[in-house]
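This is what each chain is made of:
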Amino acid sequence: MQAQPTYPTLSDLPETPELLVISIPGAAVPAVVDEALAAGVRAFLIISARVPHAADLAQRIVSAGARLIGPSSLGLVDSSNDLLLAWGNFTPGSLAVVTQSGQLGTEIATLSARSGLGISRFASIGGQSDVRAAEILRTLVDDPDTTQVVLYLESFTGGAALVAAMQALRAAGKPTMILTTGQSNAGARLAKSHTGSLTSAIDTVDAACRAAGAIRLSTPGVAVELAGFFATSWLPAARRVAIISDSGGQGAIAADRSVSHRLGVEVLEATTRQQVKQHLPEAAHIDNPIDLDGAGEADLGVYSRLVDALLGDDTIDAVVLSGYFGCYGEDIPDLLEAELAEVQQLGRTVRTHRKPLVVHSMSADSSAVAALWENSIPAYASIESAMRVIAGAGFYASHSGRITEALEQSGPVTPWGTGYGAARDTIMAAGVPVPRATTFGRGTGLAEAMADSPLTPPFVLKAGWPAHKTEVGAIALGLGDTAALETAYAEMAGRLGDGEYIVEEMDTRGEVVEILVGGRQDENFGPIVMVGAGGTETELYGDTWLELAPVSHAEALDMVSRLTCYRLLTGWRGRPAADLDGLAEVIVSVSRLIAANNEIQEIEINPVRVTPEGALAVDALVVTNRDDDSDSDSDEGNSNGDGNGDSNSNGNSDKESP
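Keep in mind the model is a prediction, meaning the values are calculated, not measured. (Residues numbered from 1 in each chain as written. Predicted model: local features only at pLDDT ≥ 70, side-chain atom pairs only at ≥ 80, totals over all residues. Heavy atoms only, no water.)

As for the pairing of strand 19 (residues 501-505)
No. 1: With respect to burial, strand 19 is a largely interior element, five of its five residues being buried.
No. 2: Side-chain alternation along strand 19 places Y501, V503 and E505 on one buried face and I502 and E504 on a second face that is also buried.
No. 3: Across four bridges, strand 16 (residues 437-440) lies against strand 19 in antiparallel orientation. Bridging across to strand 19, A437 finds its partner in E504.
No. 4: Pairing of strand 17 (residues 459-463) with strand 19 involves five bridges; the strand directions are antiparallel. Its bridge partner being in strand 19, V460 is matched across the sheet by E504. (Buried < 20%, exposed > 50% of the residue type's maximum accessible area, 1.4 Å probe, protein only. Helix = DSSP H or I, 4+ residues; strand = E, 2+ residues; numbered from the N terminus. Pairing = 2+ DSSP bridges.)

So, the pattern of salt bridges
No. 1: If you walk through the whole model with that rule in mind, you get 23 salt bridges.
No. 2: Among the salt bridges present, the one from R436 reaches E505, with a minimum N-O distance of 2.7 Å. On the criterion of sequence distance, the pair formed by R436 in the loop between helix 17 (420-429) and strand 16 and E505 in strand 19 is long-range, its members being 69 residues apart.
No. 3: By relative accessible area, which is 42% here, R436 ends up partly exposed.
No. 4: Look at E505 and you get buried, because its relative accessible area is 15%.
No. 5: For the salt bridge of E504 with K462, the shortest nitrogen-to-oxygen distance reads 3.3 Å. Of the two residues, E504 sits in strand 19 while K462 sits in strand 17, which places them 42 residues apart along the sequence. Across the pair, K462 and E504 agree in class, each one buried.
No. 6: Bridged by salt links that share partners, the residues E225, R257, E384 and R388 form one connected network. (Salt bridge = Lys/Arg side-chain N within 4 Å of Asp/Glu carboxyl O.)

A look at the side chain of T232
No. 1: Mapped onto the secondary structure, T232 falls in helix 8 (residues 220-232).
No. 2: Residue T232 is classed as buried on the basis of its relative accessible area, which comes to 17%.
No. 3: Among the polar contacts listed, one links the side chain of T232 to the backbone oxygen of G228, at a separation of 2.7 Å. (Polar contact = N/O pair within 3.5 Å; in protein donor to acceptor, adjacent residues only side chain to side chain.)

A word on the packing of helix 3 (residues 102-115) against helix 8
No. 1: It is the contact of helix 3 with helix 8, at a shortest axis distance of 9 Å, that shows an interaxial angle of 40°. Here helix 3 lies oblique to helix 8, going by the angle between them. Where helix 3 crosses over helix 8, the handedness of that crossing is right-handed. From helix 3, L104, E107, I108, L111, S112 and S115 reach across to helix 8, where they touch P220, G221 and V224.
No. 2: Partitioning the contact of helix 3 with helix 8 into residue classes produces five nonpolar, three polar and one charged. (Axes fitted to C-alpha atoms, helices over the stretch in contact; angles between N-to-C directions. Parallel < 35°, antiparallel > 145°, perpendicular 65-115°, else oblique. Left-handed = near helix turned anticlockwise from the far one by under 90°. Contact = heavy atoms within 4.5 Å. Nonpolar A, V, L, I, M, F, W, Y, C, P; charged D, E, K, R; others polar.)

A word on the confidence of the model for the protein
No. 1: Across the protein, pLDDT averages 88, with 89% of residues at or above 70.
No. 2: Contacts of residues 409-416 to residues separated by more than four positions or lying in other chains number 18 contacts, the stretch itself having pLDDT below 50.
No. 3: Note on residues 629-641: pLDDT under 50 across the span, and 42 contacts to partners over four residues away in sequence or across chains. (pLDDT = per-residue confidence, 0-100.)

Some words on the layout of surface pockets
No. 1: Space inside the largest pocket adds up to approximately 1,000 Å³.
No. 2: Around the largest pocket, the lining comprises 26 residues; the ones closest to its centre are D206, R239, R262, F395 and W545.
No. 3: When residues of the lining of the largest pocket are traced back to their parent elements, those giving at least two are helix 7 (201-212), strand 10 (215-216), helix 8, helix 16 (383-398) and strand 22 (544-548).
No. 4: In terms of residues, the lining of the largest pocket owes the most to one element, helix 16, which gives six residues.
No. 5: Classifying every residue of the lining of the largest pocket by side-chain character gives ten nonpolar, seven polar and nine charged. (1 Å grid on protein atoms, 1.4 Å probe; cavity = no way out; pocket = protein on both sides within 12 Å on 5 of 7 lines; lining within 4 Å. Points joined across faces, edges and corners; volume = space filled by probe spheres on them.)

Some points on helix 9 (residues 248-260)
No. 1: The end-to-end C-alpha distance of helix 9 is 19 Å, a good match for the 18 Å that 13 residues give at a rise of 1.5 Å each.
No. 2: Those residues of helix 9 lying buried are G251, A254, A255 and S258. What you see down the axis of helix 9 is that its buried residues fit within an arc of 100°, all on one side.
No. 3: Contacts from the buried residues of helix 9 go to strand 11 (241-245) and helix 16.
No. 4: Two to three positions downstream of the cap, the backbone nitrogen of G249 sits 3.3 Å from a side-chain oxygen, assigning the N-cap of helix 9 to S247.
No. 5: Among the residues trailing helix 9, R262 stands out with phi positive, at a value near 60°. (Expected span 1.5 Å × (residues − 1). Arc of directions from axis to C-beta.)

Describing the sheet that holds strand 16
No. 1: One open sheet holds the four strands; their spatial order is 16-19-17-18, and the pairing between them is antiparallel. Sheet topology places strand 16 and strand 18 (475-479) at the edges, where each strand pairs with a single neighbour. Neighbour to neighbour, the strand axes of the sheet diverge by 15° on average, direction disregarded.
No. 2: Against the sheet, helix 17 contacts strand 16, strand 17 and strand 19, and its axis sits at roughly 50° relative to strand 19.
No. 3: Together, strand 16, strand 17, strand 18 and strand 19 form the strand contacts of helix 20 (residues 482-496), whose direction differs from that of strand 17 by roughly 15°.

Some words on unusual backbone geometry
No. 1: The omega angle of the peptide bond from G70 to P71 is 0°, so this bond is cis rather than trans.
No. 2: Mapped onto the secondary structure, P71 falls in the loop between strand 3 (67-69) and strand 4 (75-78).
No. 3: For the peptide bond that leads from N606 to P607, omega is 10°, which places it in the cis range.
No. 4: If you trace the backbone, P607 turns up in strand 23 (residues 600-611).
No. 5: Positive phi is not limited to glycine here, since S376 has a value of about 65°.
No. 6: Looking at where S376 falls in the secondary structure, it is placed in the loop between helix 15 (367-374) and strand 15 (379-380).
No. 7: Here S376 falls in the buried class, since its relative accessible area comes to 17%.

Details of the sheet that holds strand 12 (residues 290-291)
No. 1: Taken together, the five strands give an open sheet; going across it, the order is 12-11-13-14-15, and neighbouring strands pair in parallel fashion. Of all the strands in the sheet, the pair left with one neighbour each is strand 12 and strand 15.
No. 2: Pairing analysis gives five bridges linking strand 13 (residues 318-323) to strand 14 (residues 357-361), with the strands arranged parallel. Bridge pairing in strand 14 links V319 to L357.

Here we look at the packing of aromatic side chains
No. 1: Summed over all chains, the structure comprises 13 aromatic pairs.
No. 2: Relative to F525, the ring of F156 lies with its centre 5.7 Å away and its plane at 40°, an arrangement referred to as tilted. One end of the pair, F156, is in the loop between strand 8 (148-153) and helix 5 (159-171); the other, F525, is in the loop between strand 20 (513-522) and strand 21 (526-533), and 369 residues separate them in sequence.
No. 3: On the accessibility criterion, F156 (8% relative accessible area) is buried. (Phe/Tyr/Trp six-rings, centres within 6.5 Å; stacked < 30°, edge-to-face > 60°.)

Considerations on the environment of L340
No. 1: Counting through the fold element by element, L340 comes out in helix 14 (residues 336-353).
No. 2: Ignoring any residue separated from it by four or fewer positions in sequence, one finds L340 in contact with S367, A368 and A371.

Pasting the structure below:
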């Protein structure tokens, strides 16, 4: 029916194809690929699934100097070139879709068509045996027909290249929206530190999105909602919204949904309030939300006048109009012309102020709703959608991406040895403050070590090699003098035997907040740094924040501000504020340590004791890749230290209270 000739085999073709699309039973694919390679084919799109030995097949293709998308791809679409090598119908438009799931990608394309956006390019990458998502994203940076991108991935192999590609898209003014799965923490259970066990795959993806200037969303529908906003409106400068409604109930619900999305609904400035009052002289109560109380029915022009007053206020970043607007002409045809004229005036108003106006209309598809979109005013059928897109746009606007510093990876590795003493030396060399200490054992006795020691009591005694000190009695706190230290050492050595022991000065400062600072090597995105509530309750609270490493001082301060326990650091209930700059420097040091030396797999300081006088690290764990197969609980395992809240403190860590 297409009037195109067909050929029984590749050898019968009149010329070698530039691209071979394979859609046959999986078992037959390898033979066809071998025939095609011999014929000179250098580009393959494999639709087939259940291809035997797919990795080996991909290697044969790459070794021959060819490239492969798939297997298990749904196909490729390039609307500008009328290239349709995929199942389904694709409406041309401005949204590019790159997806590991062909059917989910088709859903996005369908929703995009319904919304009026359409598809510029569609790439179903399947198993990513050769061509990966990052390469496809790179081709979209300079594509004139693509204005934004939706990316669905189930695996993030080569995460650094993905981040770089998304940064390039952001620099080109093309928003990237990510969908993914994997909020399970199953893999984290294998980690040796809290830093590993408290961070999920999705936490790391979110950190990568912040670094790339991209945004992670939950469903295809939400992605297309936000894509419609990006294609239509301006980004809000921040997250402060004003709400107009012709129903008190709808206004109240709009305010509640704003708060749930962490949007600010503040009291109007006095000048703006006075302007609003001039347009609503009979209103009994003018606040934010603003209840029109029937003013819209009396005069449709009140909508644009109020929007103009609100968008002109520098303390308002976006306006939400919720309720009946969009229904006037639909319910009363005689009002259609006036309603459409008001839409045009609203369009002129938002173009003047270049701020977003988002409408929640009780009509989903009226002529006025369609006209709103045409006039740079996104309109949604639910207030939840309206608030969600403003929150998403606000997040995107405030996270423009950052370039993480590339630190030297090839320099000599510090010979840490094993045990807490070596971990302590490692973090101290990186610039992290630690208590004064002396080490003895393995030929040096306690008396000899303390003879000329400048340490002052109270002391803390630690056995250096056990991974979990408290569980085996390898830490003694609050030793008030040398005699108490000698007694504690005799008892501890009698149980644990010979080895390296450390005596530290106990931190007796008051007004302490215990913080965890850690880092690890993520298998996809590389080095990350984490900060969280520390001490013995770290896992109970799960109060953490992470970023790709290394971070700057300002970025470290921002990380700390994201914690729930941040209020303890800034003067909770009259307490003096802690030294945030000192804590930030510890975070920076750990981030640079994990980023600069690729033999460190995990590093954790728990706790860092932060007071108004500074930050002090009193326990540490370092895990290297030298001894990954060794038992971390053995005397000479690869876990250097504890990092589980063992604290030479004056009692803030419950299980180590003297």
